[in-house]
Amino acid sequence: MNDEYFIKAENYISALFHLTDPVLAATLQSVQDAGIHDIGVSPSQGKLLQLLARLCGAKKILEMGTFFGYSGIWLARALPADGQLITLEYDPQNAAFAEKNFANAGLQNKIQIRTGNALELLPKLEEEGAGPFDMIFIDADKPPYAEYFRLALRLSRPGTLIIADNVVRHVFDPATPEDKKNGVIRFNQLIAESDAVSAVILQTVGSKEPDGMAIAIVN
Ligand code: SAH
Ligand code: DHB
Ligand code: MG
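Computed from a predicted model, the values in this text were never measured in an experiment.

*Asks:* Got a sec to walk through the site of ligand 1? Specific residues and values, please.
*Replies:* As a matter of local geometry, ligand 1 sits amid 22 residues, with Val41, Gly65, Ser71, Glu89 and Asp139 nearest to it. Separating an oxygen atom of ligand 1 from a side-chain N or O atom of Asn94 is a distance of 3.0 Å. Contacts to ligand 1 include Asn117, whose side-chain N or O atom sits 2.9 Å from a nitrogen atom. Protein contact buries 90% of the 590 Å² of open area that ligand 1 shows by itself. When grouped by side-chain class, the residues that make up the shell around ligand 1 number ten nonpolar, seven polar and five charged.

*Asks:* Residue-level account of the site of ligand 2, with values.
*Replies:* If you check the shell around ligand 2, you find Ile39, Asp139, Lys142, Asp165, Asn166 and Lys180 and nothing else. Within the side chain of Lys142, a nitrogen or oxygen atom sits 3.0 Å from an oxygen atom of ligand 2. Between Asp165 and ligand 2, the recorded distance is 3.1 Å, taken from a side-chain N or O atom to an oxygen atom. A total of 290 Å² of accessible area belongs to ligand 2 in isolation, and the protein chains cover 71% of it. Residue composition of the shell around ligand 2, grouped by class: one nonpolar, one polar and four charged.

*Asks:* Run through the side chain of Lys110, naming residues and quoting values.
*Replies:* Along the chain, Lys110 turns up in the loop between α5 (92-104) and β3 (111-115). From its side chain, Lys110 meets the backbone oxygen of Leu79 in a polar contact 3.2 Å long.

*Asks:* Tell me about unusual backbone geometry, and please be specific about residues and values.
*Replies:* Backbone torsion omega between Gly131 and Pro132 reads -5°, so that peptide bond is classified as cis. Summarising the element assignment, Pro132 is placed in the loop between α6 (118-128) and β4 (135-138). The phi dihedral of His18 falls on the positive side, at around 50°, and the residue is not glycine.

*Asks:* Can you lay out the coordination of the magnesium ion (ligand 3) for me, pointing to particular residues and giving the numbers?
*Replies:* Ideal values differ by geometry: the angle at a metal is 109.5 degrees with four tetrahedral donors, but 90 or 180 degrees with six octahedral donors. Surrounding the magnesium ion (ligand 3) are the protein donor atoms Asp139 (OD), Asp165 (OD) and Asn166 (OD1), which sit 2.0 to 2.1 Å from the metal. Between consecutive donor residues of the magnesium ion (ligand 3), the sequence gaps follow D-x25-D-N.

*Asks:* Would you mind going over helix α3 (residues 43-55) in detail, with residue names and values included?
*Replies:* Relative to the 18 Å expected for 13 residues at 1.5 Å per residue, α3 spans 18 Å between its end C-alpha atoms, a close match to the ideal helical length. Note on α3: the residue one or two positions beyond its end, Gly57, has a positive phi of about 55°.

Conventions used here
Residues numbered from 1 in each chain as written. Chains lettered and ligands numbered in written order. Predicted model: local features only at pLDDT ≥ 70, side-chain atom pairs only at ≥ 80, totals over all residues. Heavy atoms only, no water. Near = heavy atom within 4 Å. Polar contact = N/O pair within 3.5 Å; in protein donor to acceptor, adjacent residues only side chain to side chain. Areas by Shrake-Rupley, 256 points an atom, 1.4 Å probe, with all protein chains shown as cover. Nonpolar A, V, L, I, M, F, W, Y, C, P; charged D, E, K, R; others polar. Helix = DSSP H or I, 4+ residues; strand = E, 2+ residues; numbered from the N terminus. Donors = N, O, S within 2.8 Å, 3.2 Å for Na, K, Ca; no water. Expected span 1.5 Å × (residues − 1).

This is how it looks when you write it as structure tokens:
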């Protein structure tokens, strides 16, 4: 098992299930053109997120960490006509690229990007009464993952699906900075022990670094 194998397998799955189209390709191209390392989810992970959103009949989805909008497009496409994705992004440049990509996808009416620190934006969403969300995808910076989870709970209802990306690699990667590693470990311990959710971690391999996604359902 090596990277080459996982990439070959991802490409096989991607071709088999037609996990690309002009909109998704243009979104990935916009990352390339910006000369930025693509830290979005893989095509198969995007489809998985979409299937999960459909499975929970999501009308309201919250995402932390928009980046260029790749996962957002997969998620928003699962929404009904009156559904909404609110996605939080700290970096205004990323948010601007995402906005273009969402418009190109014809999803601008279903997606609201909020620019700022998720730690500040989440309490604002609560004050506004924006919740409860049917599905919440945590994929912003890793050190405050546990805080994101606590804030996510406040925007949830019993049955809300909470997914968190990148919860395995940083536990084991010797190159991971301590704050990221500790953030992820704290998050994992919290969801494992919390009575508020029932959860597990699914390891992920493919075109991205081997990692894992946490899956939690609010009790
Ligand atoms: N979900 C995206 C990838 C997100 S990458 C996809 O799969 O396509 C993580 C993103 O979180 C980056 O764009 C980064 O700028 C953003 N981010 C980092 N710290 C943040 C914070 N405190 N609040 C909101 N977003 C943050
Ligand atoms: C990074 C962030 C992510 O959400 C991811 O899936 C991969 C990498 C990063 O910040 O490097
Ligand atoms: Mg991620």
